[in-house]
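# Structural features, examined
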Amino acid sequence: MAGNVVSAHPALAVFASDKGPGDAERAPIMTQAGTILARHGARLICLADETLDAIPLITSARAAGGEVLIVADADFVAPPALSDVPVERIDDPEARIRRVGELAQVFVGLPGSLASAAALYRTWVRAGAGASNKPVVLLNHHRAFEAMRGMATDVLSHSTSHADRVVVFTDNVDDLWNKVSWALSVAA
């Protein structure tokens, strides 16, 4: 997709995990987010870097009629429930990250593990970070991204013009699509 044109089916790279310690609500949040984003016509792109930790997101998006693409290595085996989800296979980890960054118009971070937050950050940086004009929308449920909010205020705001349009926060999943839609409109 050329540029950041707002389309009927925007491509969202979504980073989430329900693995490891932390908020027990992560899987239900992924389920709700997948449904909301799919109902608004978003195409979800998920990175399977060693593991795929966004199964509730993908399952709910597809149940709501959404389109999902998994970008993974050659050895990736989808769980049986996702066996018919398209998989783009790229062996080189850096090339996988770059591919997700190329496809995405917006990066979405849901509460999850440190690994999912790190993958979001690496992918956004490889895509050009603030200079790419591709915004990040973070679901700050239970202050999951509060440290990033502080960093965006203290660091990004001094180095990136319109930092408030580059990294956008929402505190509830019901408002997620509104923030994604707004970020798409100001990035276009």
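In short, a report on the structure. (Residues numbered from 1 in each chain as written. Predicted model: local features only at pLDDT ≥ 70, side-chain atom pairs only at ≥ 80, totals over all residues. Heavy atoms only, no water.)

## Notes on the sheet that holds strand β1 (residues 11–15)
The following threshold applies: For two strands to pair, DSSP has to find at least two bridges joining them. A run of DSSP states H or I qualifies as a helix once it reaches four residues; a run of E qualifies as a strand once it reaches two. Both are numbered from the N-terminal end. In this analysis, axes come from line fits to C-alpha atoms, helices being fitted only over the stretch in contact, and the angle between any two N-to-C directions falls in the range 0 to 180 degrees. Any two residues whose heavy atoms approach within 4.5 Å are treated as being in contact.
Reading across the sheet, the seven strands line up as β4-β3-β2-β1-β5-β6-β7 and stay open at both edges, with parallel pairing between neighbours. Both outer strands of the open sheet, β4 (87–89) and β7 (167–170), are each paired with one neighbouring strand and no more. Between one strand axis and the next, the sheet turns by 25° as a mean value, whatever way the strands run. Across four bridges, β1 lies against strand β5 (residues 106–109) in parallel orientation. Bridge assignment links A13 to a residue of β5, and that residue is F107. Along the sheet, helix α7 (residues 176–187) makes contact with β1, β5, β6 (136–139) and β7, crossing β7 at roughly 160°.

## A word on the pairing of strand β2 (residues 43–48)
Convention followed: Using a 1.4 Å probe on the protein chains alone, a residue whose accessible area is under 20% of its type maximum counts as buried, one over 50% counts as exposed, and one in between counts as partly exposed. Think of it like this: strands point away, you trace from the first strand over the helix to the second, and a clockwise trace means the crossover is right-handed.
The buried count for β2 comes to five of six residues, which makes it a mostly enclosed element. Taken together, β2, helix α2 (residues 55–63) and strand β3 (residues 67–72) constitute a β-α-β crossover, and its handedness is right-handed.

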